[in-house]
Amino acid sequence: MRLGSSLLLLAAAYGALGQAPKLQAWEKPIAPGLTYRMEVDTSTPLIVHGLRFSLKTPGLRAIPELAGHTINEDGTVKGRLTPAQMAIQASAVAAINGDFFSFTQGAPIGLMVREGELITTPLRSRATFGWGPQNSAIGLCTTSVSFTPEGGNLTPVDELNQPCGQNQLAIYTPAEGKASITGAHISALVNVAGATWAPSTVVEGTLDSILPDATETKVPDGKALLMATGDKMTLLSSLHPGQHISIHIQTLGFDWEKIENVIGGGPVLLRDGKVSVDAEEEGFPASFYAKRHPRTAVGKTAAGDVWLVAIDGRQEISAGSTLDETAKVMLRLGCVDAVNLDGGGSTCLHLLGITVNRPSDGTERPVSNGILIFGPRMSNYAGDPKFVIPAKIPLAKPTTAQMTLNGLPVSNADIIWAAQGSAWIDQGGSIHPLELGKTTVKAYAYGRVLTTEVTVVDKVAPTRRRRRAAKL
């Protein structure tokens, strides 16, 4: 498998960002059905990174995943990891950040379904993106959960795998990992061996035990945990071991015969090929949707392919985009339906061992979930790959980066470039200095990731050869 590249110079109406700038773009196929694209618009300025993948390509699959596989997992930062850590942990080809989340709780705040398993119910109805082996779609989903104890009445449940607030009743599945809570509460452990936690289902079980207050309770496989606080504690205190429990779940918004995976976000960006940003209806403030920020988005094309897009922002080289501008970027990429995901400092696209965008925080932010892509990887080529980059580069002008393998030049078509620090790099291999200081340059080629450090200086002293030439 070999990377390829096409350099496109586009002069087109770019109404999303005002005038009609020339757009420079590179596309590099990663694997059958998977292509990386980088766009640079110096007039806004704006830098866009995207992955286009085909759902129908054999050996290629995308799934939403939690940072630690469960919501509150040991080894995570309050249930969060960076997309790079998630990709490495799962041996994924690529990872992009997903839903909005709380900095103090591990759960994403929207609906999440992972390969047919309901992971979280949404805290409020917001846009989601769902896909299966053959199809993808956007939706505004609603979920209702309840339980019925033997001899009792149907009882509404407030949350599933979300924090249990005051005067609330929640259910936790093994996907929660460890249910955490402070303050007075009562919990009931239910045996549900063999249960399938589908988006719409009925789970049957028997009550195992009533648990005393505990700040942290593990939810093992084959179990479910009912938890109540405040005036809802009486709903569980009357239960007894051996009592039959029925848990009812209904999620509307998708055809669950076709959709196996769902990632939450919001708001809708495109619907049926038209810009349709419904930010106010979904409860987003004007400061969120009308100002330029880093953005992450997901969309489907008319042909059924899926775009995962990361737009850099809050930087000299990329201002970011409003939601209307983000919608028009997705439209220009060929999407007919699209949904915004979490952005700002969370925006991150990790590909083949390198983070290709420049996170606005300066480093990757740990997030609660993301979309991982799995597929074939290039085998390591035998030999000795090396960078051909000066250790010092001048602030005044770009410097071209190159690579060699066994002393022979490597085509730029076979390299994915990335840089963090005082300079940025495009996919043509041009390093563009921003300020004096150090820059870490990374490159993926032939199944390997190379890393080097260069320093941006005011002026580069001429080499001895140049001095001799000057005398001539």
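The paragraphs below set out a description of the structure included in this document.

Cut-offs used in this document
- Along each chain, residues carry numbers from 1 onward, in the same order as the chain's sequence is written.
- The predicted origin of the model limits local features to residues at a pLDDT of at least 70 and limits the giving and counting of side-chain atom pairs to 80 or more, whereas totals for whole chains, interfaces and linings rest on all residues.
- With hydrogens and water set aside, each side-chain value is computed from the structure's full complement of heavy atoms.
- The helix and strand labels rest on DSSP assignments: H or I over at least four residues marks a helix, E over at least two residues marks a strand, and numbering proceeds from the N terminus.
- With C-alpha atoms as the basis for the radius of gyration, the globule rule is written as 2.2 Å multiplied by the number of residues raised to the power 0.38.
- For each residue, the accessible area found with a 1.4 Å probe, counting protein chains only, is set against the maximum for its type, and the residue is called buried under 20%, exposed over 50%, and partly exposed in between.
- Residue contacts are counted whenever heavy atoms from the two residues lie within 4.5 Å of one another.
- Here, Shrake-Rupley sampling with a 1.4 Å probe gives the accessible areas, and only protein chains in the shown set may cover a residue.
- For this count, His and the chain ends are skipped, Lys and Arg are scored as positive, and Asp and Glu as negative.
- By convention, the charge on Lys lies at NZ, on Arg at CZ, on Asp at CG and on Glu at CD.
- We treat two strands as partners when DSSP finds at least two bridges between them.
- Helix axes are fitted to C-alpha atoms over the stretch in contact, other axes to C-alpha atoms as well, and angles between N-to-C directions run from 0 to 180 degrees.
- Throughout, the arc means the angular range of directions from the helix axis out to the C-beta atoms.

## Description of the overall build of the chain
- Helix and strand content of the chain: 5 helices and 39 strands.
- The globule rule puts the C-alpha radius of gyration for 472 residues at 23 Å, and the 25 Å found for the chain is close to it.
- By its C-alpha atoms, the chain is 100 × 45 × 40 Å across when sized along the principal axes.
- Per-residue burial for the chain yields a buried fraction of 55% across its 472 residues.
- Within the chain, contacts between residues at least 6 apart in sequence are counted, and of these 68% link residues at least 24 apart.
- Carbon together with sulfur atoms contributes 52% to the accessible area of the chain, which is approximately 19600 Å² in total.
- Within the chain, one finds 42 positive and 42 negative side-chain charges whose respective centroids are separated by 15 Å.

## As for the sheet that holds strand E6 (residues 94-97)
- One open sheet accounts for 5 strands, arranged E5-E29-E6-E27-E28; its pairing is antiparallel. Edge positions in the open sheet fall to strand E5 (61-66) and strand E28 (354-355), since each of these has one partner strand only.
- Note: E5 against strand E29 (residues 369-374), 6 bridges, orientation antiparallel. In the strand pairing of E29, Glu65 is matched with Gly370.
- Docked against the sheet, helix H1 (residues 83-90) engages E5, E6, strand E27 (349-351), E28 and E29, running at close to 45° with respect to E29.

## With respect to the sheet that holds strand E32 (residues 399-400)
- In spatial order, the strands read E32-E37-E36; together these 3 strands make up an open sheet with antiparallel pairing. Both edges of this open sheet fall to E32 and strand E36 (423-425), since each of them pairs with a single strand only.
- In the sheet, E36 pairs with strand E37 (residues 430-433) via 3 bridges, with the strands oriented antiparallel. Counterpart to Ala423 in the pairing with E37 is Pro433.

## Some thoughts on helix H4 (residues 323-332)
- Regarding H4, the residues found buried are Leu323, Glu325, Thr326, Ala327, Val329 and Met330.
- Positive phi shows up at Gly334, right after H4, with a value of about 100°.

## Focus: H1
- Of the residues making up H1, those classed as buried are Pro83, Ala84, Met86 and Ala87. Projected down its long axis, H1 shows its buried positions confined to an angular sector of 165°, all on one face.
- The inward-facing, buried residues of H1 contact E5, E6, E27, E28 and E29.
- Looking one or two residues beyond H1, the residue adopting positive phi is Ser91, at roughly 55°.

## Here's the deal with the environment of Ser54
- Locating Ser54 in the fold gives a position in the loop between strand E4 (46-53) and E5.
- The spacing of Ser54 and Thr35 is 19 residues in sequence and 9.4 Å in space, taken between C-alpha atoms.
- Dropping the residues within four chain positions of it, Ser54 is found in contact with Gly33, Leu60 and Asp305.

## Notes on the pairing of strand E25 (residues 306-311)
- A large share of E25 lies buried, amounting to 6 of its 6 residues.
- Burial of E25 is two-sided: the residues Val306, Leu308 and Ala310 facing one way and the residues Trp307, Val309 and Ile311 facing the other way are all buried.
- Where E4 and E25 come together, 6 bridges link them in antiparallel fashion. Pairing of Phe53 across the sheet is with Val306, part of E25.
- As paired strands, strand E24 (residues 295-301) and E25 are joined by 6 bridges and run antiparallel to one another. When the bridges of E25 are listed, Ala297 appears paired with Val309.
- Between E24 and E25, which follow one another and run antiparallel, lie 4 residues, and Gly304 among them has a positive phi close to 100°.

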